[in-house]
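Fold and contact review
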Amino acid sequence: MFYQMKRIIVQEGFSGQVVERFSGDTPLAKQPGFVDLKVLVKKVRRGDEEVMILVQWQSEEDWKNWEKSPEHIAGHKANIGKPKPEYIIESSQNVYEVKVTK
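Residues numbered from 1 in each chain as written. Predicted model: local features only at pLDDT ≥ 70, side-chain atom pairs only at ≥ 80, totals over all residues. Heavy atoms only, no water.

What to know about the UniProt feature "domain: ABM" (unreviewed entry) in the chain
Listed under "domain: ABM" (unreviewed entry) in the UniProt record, and renumbered for this structure, are residues 2–96. Helix makes up 26% of residues 2–96 and strand 37%. Its end C-alpha atoms lie 6 Å apart. (UniProt positions renumbered as here; feature names shortened; annotations may be inferred. Helix = DSSP H or I, 4+ residues; strand = E, 2+ residues; numbered from the N terminus.)

This is the structure in structure tokens:
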């Protein structure tokens, strides 16, 4: 198994917009090797909010195939030249290979 993890820090009150973006239908779910998508919001009382997007893949190769798929590339091309939303403070992405499952 293989995980892609995106971490997005947004201004207070904007985590719902990020959640909504990942809530609808997406070509990601139809990609071979896609297993699961989870969107987590860190519990905070005040201040900046953190959203984690976890995408589970059967393998690293499946994830790489998604990254170079026409659907994925088209999604990014649609945003070329557009500024990121002002409420996004920081974002990062990492990938992980599962070594132990119980």
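Section: the nonpolar core
Ile8, Val10, Val18, Ile53 and Trp57 are the most contacted members of the largest nonpolar core, which has 14 residues in total. If you list the elements that add at least two residues to this core, you get strand S1 (2–10), helix H1 (15–23), strand S3 (49–57) and helix H2 (60–67). Top element by residues in this core is S3. It accounts for 4 residues. Apart from the residues lying within four places of it in its own chain, the contact partners of Ile53 are Gln4, Met5, Lys6, Ile8, Val18, Phe22, Leu37, Lys38 and Val39. (Core = buried A, V, L, I, M, F, W, Y, C linked by side-chain atoms within 4.5 Å. Buried < 20%, exposed > 50% of the residue type's maximum accessible area, 1.4 Å probe, protein only. Contact = heavy atoms within 4.5 Å.)

Things to note about the pattern of salt bridges
Under the criterion given, the structure shown has 6 salt bridges. With a closest N to O distance of 3.3 Å, Glu50 and Arg7 form a salt bridge. With Glu50 in strand S3 and Arg7 in strand S1, this pair connects stretches of sequence that are 43 residues apart. In this structure, Glu90 and Arg7 form a salt bridge, with 3.1 Å as the shortest nitrogen-oxygen distance. Highlighted residues: Glu90 in strand S4 (residues 88–97) and Arg7 in strand S1, separated in sequence by 83 residues. On the basis of relative accessibility, which here comes to 39%, the residue Glu90 falls in the partly exposed class. Classification of Arg7 by relative accessible area gives partly exposed; the value is 28%. (Salt bridge = Lys/Arg side-chain N within 4 Å of Asp/Glu carboxyl O.)

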